[in-house]
Amino acid sequence: MHDFHMRKIASRILLVLLALLFVYLGFGLGFHIKWQSELAACREVRLARGEFVEPEVFWAPLTLVFDVTWWPVYAWANLYHDGTPFATPCTH
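Residues numbered from 1 in each chain as written. Predicted model: local features only at pLDDT ≥ 70, side-chain atom pairs only at ≥ 80, totals over all residues. Heavy atoms only, no water.

A look at the pattern of salt bridges
What counts is decided by this rule: The salt bridge definition used is simple: a Lys or Arg side-chain nitrogen within 4 Å of an Asp or Glu carboxyl oxygen. Only protein chains enter the area calculation, which uses a 1.4 Å probe; residues under 20% of their type maximum are buried, those over 50% are exposed, and those in between are partly exposed.
For the structure on display, the rule yields six salt bridges. Across the pair E54 and R46 runs a salt bridge, and its minimum N-O distance is 3.0 Å. Between R49 and E51 there is a salt bridge whose closest N-O contact spans 3.0 Å. Judged by its relative accessible area of 33%, E51 is partly exposed. Members of the salt-bridge network, linked through shared partners, are R46, R49, E51 and E54.

Comments concerning the layout of surface pockets
Let me state the cut-off plainly: A 1.4 Å probe that fits into a set of points on a 1 Å grid over the protein atoms alone but cannot get out defines a cavity; an open set with protein on both sides within 12 Å along at least five of seven lines defines a pocket, and lining residues are those with an atom within 4 Å of a point. Grid points are joined across faces, edges and corners, and a volume is the space filled by probe spheres set on the points. Put simply, DSSP H or I for four residues or longer makes a helix, DSSP E for two residues or longer makes a strand, and each gets a number counted from the N terminus. Charged means Asp, Glu, Lys or Arg here, nonpolar means Ala, Val, Leu, Ile, Met, Phe, Trp, Tyr, Cys or Pro, and polar covers whatever is left, Gly included.
There is about 280 Å³ of room inside the largest pocket. In terms of lining, the largest pocket is formed by 13 residues, of which the most central are L39, E56, V57, F58 and T63. Secondary-structure elements contributing two or more residues to the lining of the largest pocket are α1 (2-49) and α2 (60-82). Split by residue class, the lining of the largest pocket holds seven nonpolar, two polar and four charged.

Quick notes on the packing of aromatic side chains
Quick reminder of the rule: Only centres within 6.5 Å qualify two rings of Phe, Tyr or Trp (six-membered ring in Trp) as a pair; their planes then separate them into stacked at under 30 degrees, edge-to-face at over 60, and tilted for everything else.
Enumeration according to the criterion identifies seven aromatic pairs in this entry. Summarising the aromatic geometry, the rings of Y24 and W71 are spaced 5.5 Å apart at their centres and angled 45 degrees between planes, so their arrangement reads as tilted. Of this pair, Y24 sits in helix α1 while W71 sits in helix α2, placing them 47 residues apart in sequence. Look at W35 and Y74: their rings are 5.6 Å apart centre to centre, the planes differ by 50 degrees, and that puts the pair in the tilted class. Of the two residues, W35 is situated in helix α1 and Y74 in helix α2; the sequence distance between them amounts to 39 residues. Ring pairing ties together the aromatic residues F31, W35, Y74 and F86, which thus form one cluster.

Quick look at the state of the cysteines
Short version of the rule: Any pair of cysteine sulfurs within 2.5 Å is marked as a disulfide.
On inspection of all chains with the given rule, the structure shows one disulfide. The side chain of C42 participates in a disulfide bridge whose partner is C90; the two sulfur atoms lie 2.0 Å from each other. Given an S-S torsion of about 90 degrees, the disulfide between C42 and C90 has right-handed geometry. Residue C42 is located in helix α1, and its partner C90 is located in the segment after α2; the two are separated by 48 residues in the primary sequence. Taking the relative accessible area as the measure of exposure, C90 reaches 35% and is therefore partly exposed.

Okay, structure coming up:
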């Protein structure tokens, strides 16, 4: 009987952790989509001005993995340095 209750508690804890993981990854995906949108808009503005536009460095799926995983670090660093969580060369 005691083992049954422990399994039930453990399964609920795992369910809560899984839900938190999905929320974290959801925020990360939203961050990635918004940041890529801001970067694309900045690239277009810079191209229109005739400025140098740096090429994409990472393969798109690799960028997605980095952004979704490390979005709190990127958002904090962008806020700290540029005052916006979606910093681009145009926000400097």
